[in-house]
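# Observations on the model geometry
Each chain, letter by letter, is given below.
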Amino acid sequence: LQYSRAFGAKDLKIFGLSNIPDIKIIRMGRDSAYRHTRFLILASDGLWDVLSAQAAVEIAQAACEKGLSPSEELVKAVLTEQSNRKARADNITAVVVQFDRVK
């Protein structure tokens, strides 16, 4: 399944897998629905299987307020939770983009 995620394997296209990306352009300063957006968190399922979106935002926000790396703090939080559960950790990747506040 890994190669199908990246390339949309022909034998799995009947199940809806595709290599064609979904693209949406958001004008954050013009679209009121996104005016208060502060973060974009791109992460692998190793993170999302453990943290909710709200928990991830709260961890990222707290890290920024303390001058820490939000990506690193997200990965640490997942590893800590997995250790507490005595579970094996999946591969974890996290990239956090912090946006300037729109005035």
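Just above sits the structure.
Residues numbered from 1 in each chain as written. Predicted model: local features only at pLDDT ≥ 70, side-chain atom pairs only at ≥ 80, totals over all residues. Heavy atoms only, no water.

## Concerning the packing of helix α3 (residues 53-65) against helix α4 (residues 70-84)
One can describe the packing of α3 onto α4 by two numbers: an axis separation of 8 Å at closest approach and a directional angle of 130 degrees. Taken together, the axes of α3 and α4 are oblique relative to one another. Here the hand of the crossing between α3 and α4 comes out right-handed. Where α3 approaches α4, its residues Ala56, Ile59, Ala60, Ala63 and Cys64 are matched on the opposing element by Pro70, Glu73, Leu74 and Ala77. Within the contact of α3 with α4, the residues separate by chemical class into eight nonpolar, no polar and one charged. (Axes fitted to C-alpha atoms, helices over the stretch in contact; angles between N-to-C directions. Helix = DSSP H or I, 4+ residues; strand = E, 2+ residues; numbered from the N terminus. Parallel < 35°, antiparallel > 145°, perpendicular 65-115°, else oblique. Left-handed = near helix turned anticlockwise from the far one by under 90°. Contact = heavy atoms within 4.5 Å. Nonpolar A, V, L, I, M, F, W, Y, C, P; charged D, E, K, R; others polar.)

## Some thoughts on a nonpolar patch on the surface
A cluster of nonpolar side chains, contributed by Leu40, Leu42, Val95 and Val97, occupies part of the molecular surface with about 300 Å² of accessible area. Secondary structure elements with two or more residues in the nonpolar patch: β1 (39-43) and β2 (94-98). With respect to the helices and strands, the residue Leu40 is situated in strand β1. (Patch = residues over 30% accessible without salt bridge, like charges linked within 9 Å, V, L, I, M, F, W, Y side chains within 5 Å. Areas by Shrake-Rupley, 256 points an atom, 1.4 Å probe, with all protein chains shown as cover. Salt bridge = Lys/Arg side-chain N within 4 Å of Asp/Glu carboxyl O.)

## Describing the pattern of salt bridges
Following the criterion strictly, the structure yields three salt bridges and no others. Here Lys76 and Glu73 are joined by a salt bridge, their closest N and O atoms 3.6 Å apart. Within this pair, Lys76 and its partner Glu73 are both found in helix α4, separated by three residues, close to a single helical turn. A relative accessible area of 23% means that Glu73 is categorised as partly exposed. (Buried < 20%, exposed > 50% of the residue type's maximum accessible area, 1.4 Å probe, protein only.)

## Brief notes about the environment of Leu68
Inspection of the secondary structure puts Leu68 in the loop between α3 and α4. Classification of Leu68 as partly exposed rests on a relative accessible area of 39%. For Leu68, the residues in contact, after removing those within four places along its chain, are Ala63 and Glu73.

## A closer look at the environment of Gln61
Looking at the element boundaries, Gln61 is found in helix α3. Assessed through its relative accessible area of 27%, Gln61 is described here as partly exposed. Put simply, Gln61 and Arg38 are 23 residues apart on the chain and 8.6 Å apart in space, counted from C-alpha to C-alpha. Filtering out sequence-adjacent residues up to four positions away, Gln61 remains in contact with Arg38 and Phe39.

So, to be careful, I would describe these as geometric facts and stop short of saying anything about function.
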